[in-house]
Amino acid sequence: MPDLYGNWAERARTFRTLSEAKKELAKAVAGKNPNGAMTLTQWHERHWSAIEASVRPGTARAYAVAWRKRVRPTLGHLKLEAITSPLIETAMVGWDCSPSTKVDALALISRLLDATRRARIIDYNPAREIRRPAQDASTSPTSRALTMPQVTRMLELIPAGVYRHYAAALVFTGMRAGEATAIRVCDVDLAQGVLRVSRSFSPGLNGELIEQSPKSHKERQVPIVKAFLPYVDEAMRDKEPDDLLLSGPNGGRLVAANLRRAVDWATIRTALARPDLRVHDLRHTFATILFDAGASAPDVQAVLGHSSLQVTERYSRAREGVARRAGAVFDRVTARGYGTDMAHRREGSGL
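Predicted model, so just to flag it, every value in this text is computed and none were measured.

Engineer: I'm lost on the pairing of strand β2 (residues 194–197) in this one. Help?
Structural biologist: Within a regular beta strand, the side chains point alternately toward one face of the sheet and then the other, so they alternate between its two faces. Relative to β2, strand β1 (residues 188–189) runs antiparallel, the two sharing two bridges. Paired with Asp 189 across the two strands is Val 194, which belongs to β2. As consecutive antiparallel partners, β1 and β2 are separated by four residues, and within that stretch Gly 193 has a phi angle of approximately 70°, a positive value.

Next up, the structure:
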C-alpha cells in the first residue's frame, strides 16, 4: 500500500492457517483496480474532454493553464493510487503563483480525482482534505477600491468616447467586464432606471469571445445612477435595439484587454498612485461605495450577482471599526466606575 508520500511499502501479516491467508489475499486482489497504476497525466488525457464540457470556457482556460504550468510538472507522473494529500500540499508549496491561481489548480486536481473515485479506481479524493489557500489581506476588495476623486480622475484621463463609456459602466454599475460588453440597447430601461444583465461574453480556450449566461446563471438588474446616465445617453445615440450598447470604435466587442491597451493603463496607474490597479477593481469600487453609503448586504448581493451573501460581505467595512467601538464602550463604563455602575443596576432591578 502507498505511504504518506506515495511510495509503496509492504506490510507483513501473519495468519493462523493457510486458508485464512488465501482469503485475505483474494480480498486484496479483488479490491485493487488495475487502472490504479495509471498516472495522473494518462487520466487527464482520458478525462479532460469531460471536464472541459462541464465548466464555463473561462474556467476551462484557467484549468488548462493550471495543468500545463503546475499540476502536470509536479504531480502528473504519479500513479492515481499513490496520490495523497501531503503530496498535493507539497506541490502547492512549490507553485510560485497567487492564492487564487493555486485554488484553480487545486480545483482541477479535485475534479480529476473525483472522476477516478466515481470510476472506482480510488476509494476517496485526497484533494478534498486540503484547505484552500487563504487570500492575502492586501487583496481585500475594499483595499483595492478607488475613492470617488480617483474615479473622477481616471475618467478624465480616458479620452471621450467608447472606452470612457466602458470604464464608466464598470465603475458605476459594478458589472463584470464581460457582462458590460454584452449589454444591448434593448437592455436599457430608462423609465425604471436600470440595465438588465442577462448575458456575458467570456474568452474561450483560443481567446474567442463566447456569449453565455452571467457567472451566477441568473438575470439581474443594475441601477443607472445619475453619474452614469450621461454615458448611457451618449452610448445609445443612433443605435438599434439589438446593437451592443458599449461597442468598440469599429463596432466590435470590448474586453478588459482592449481597454488597457487603448487608454494606456500604465499611465492611469501612475496618475492614481495605484501601480497594482486592475480593471476588475472598478467592480470592487462600486460595491464598496454601495456599502459605505448604507446599502444592505442583500441589496448589494442582488446588484452584483453574487452567489452567496458571504462573498458580498467581504466588501463591507462594518468589522473594521469593531475594536474601536468596543473599546469606547468599555471606556465609558470604567470612566463612571464599574463597581458603582453595577450597584446602581442591582438597586434598579430590585435585587
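From this point, things continue past the structure.
Engineer: Which parts of the structure should I look at to understand the sheet that holds β1?
Structural biologist: Working definition: the strands of a sheet are paired by backbone hydrogen bonds and lie parallel or antiparallel to each other. Strands sit in the order β1-β2-β5 across an open sheet of three strands; the sheet is antiparallel. The outermost strands of the open sheet, each flanked by one partner alone, are β1 and β5 (220–223).

Engineer: What's the story with the side chain of Thr 181 in this structure? I'm lost.
Structural biologist: Relative to the helices and strands, Thr 181 is located in helix α9 (residues 177–182). Note on Thr 181: relative accessible area 1%, which makes it buried. Within polar-contact distance, the side chain of Thr 181 engages the side chain of Tyr 166 at 3.1 Å. With residues near it in sequence (within four places) discarded, Thr 181 still touches Tyr 166, Phe 201, Leu 244, Leu 246, Arg 253, Leu 254 and Val 255.

Engineer: Even after reading the chapter, I still don't get the packing of aromatic side chains, so can you show me in this structure?
Structural biologist: The description of two aromatic rings rests on the distance between their centres and on the angle between their planes. All chains considered together, the criterion is met by one aromatic pair. Ring plane angle 35° and centroid distance 6.5 Å describe the contact between Phe 172 and Tyr 231, whose orientation is recorded as tilted. Here Phe 172 is found in helix α8 (residues 162–173), whereas its partner Tyr 231 is found in helix α10 (residues 229–236), with 59 residues between them in sequence. An identical accessibility class is assigned to Phe 172 and Tyr 231; each is buried.

Engineer: Explain α8 to me, please; I cannot follow it from the model alone.
Structural biologist: Since one α-helical turn is 3.6 residues long, residues separated by three or four positions face the same way. The terminal C-alpha atoms of α8, which comprises 12 residues, lie 16 Å apart, in line with the 16 Å expected from a rise of 1.5 Å per residue. Positive backbone phi, at 75°, marks Gly 174, one or two positions downstream of α8.

Engineer: How do you make sense of the nonpolar core when you look at a structure like this?
Structural biologist: Soluble, globular proteins show a tendency: their nonpolar side chains are buried together. With 44 residues, the main nonpolar core has Met 154 and Phe 228 as its most contacted residues. Only α7 (148–157), α8, β2, α10, α11 (256–263), α12 (265–271), α13 (281–292) and α14 (297–304) provide two or more residues apiece to this core. Among the elements that line this core, the one with the most residues is α8, at eight residues. Once residues lying within four places of it in the same chain are set aside, the contact partners of Met 154 are Leu 146, Ala 167, Trp 265, Ile 268, Leu 272 and Leu 282. Counting 31 residues, the second largest nonpolar core, distinct from the first, contains Leu 40, Trp 48, Ala 66 and Ala 115.

Engineer: Got a minute to help me understand unusual backbone geometry in this structure?
Structural biologist: Even without being glycine, Arg 120 reaches a positive phi, approximately 60°. With respect to the helices and strands, the residue Arg 120 is situated in the loop between α5 (99–118) and α6 (141–144). Its identity as a non-glycine residue notwithstanding, Asp 264 has a phi of 60°, on the positive side. For Asp 264, the location among the structural elements is in the loop between α11 and α12.

Engineer: Explain the environment of Ala 168 here, please?
Structural biologist: Along the chain, the position of Ala 168 falls in helix α8. Classification of Ala 168 by relative accessible area gives buried; the value is 0%.

Engineer: I'm lost on the environment of Leu 112 in this one. Help?
Structural biologist: Structurally, Leu 112 is set in helix α5. Since its relative accessible area comes to 0%, Leu 112 is described here as buried. The spacing of Leu 112 and Ala 50 is 62 residues in sequence and 9.9 Å in space, taken between C-alpha atoms. Setting aside its immediate chain neighbours within four residues, Leu 112 contacts Leu 40, Trp 43, His 44, Ile 51 and Trp 67.

What counts and what doesn't
Residues numbered from 1 in each chain as written. Predicted model: local features only at pLDDT ≥ 70, side-chain atom pairs only at ≥ 80, totals over all residues. Heavy atoms only, no water. Pairing = 2+ DSSP bridges. Helix = DSSP H or I, 4+ residues; strand = E, 2+ residues; numbered from the N terminus. Buried < 20%, exposed > 50% of the residue type's maximum accessible area, 1.4 Å probe, protein only. Polar contact = N/O pair within 3.5 Å; in protein donor to acceptor, adjacent residues only side chain to side chain. Contact = heavy atoms within 4.5 Å. Phe/Tyr/Trp six-rings, centres within 6.5 Å; stacked < 30°, edge-to-face > 60°. Expected span 1.5 Å × (residues − 1). Core = buried A, V, L, I, M, F, W, Y, C linked by side-chain atoms within 4.5 Å.

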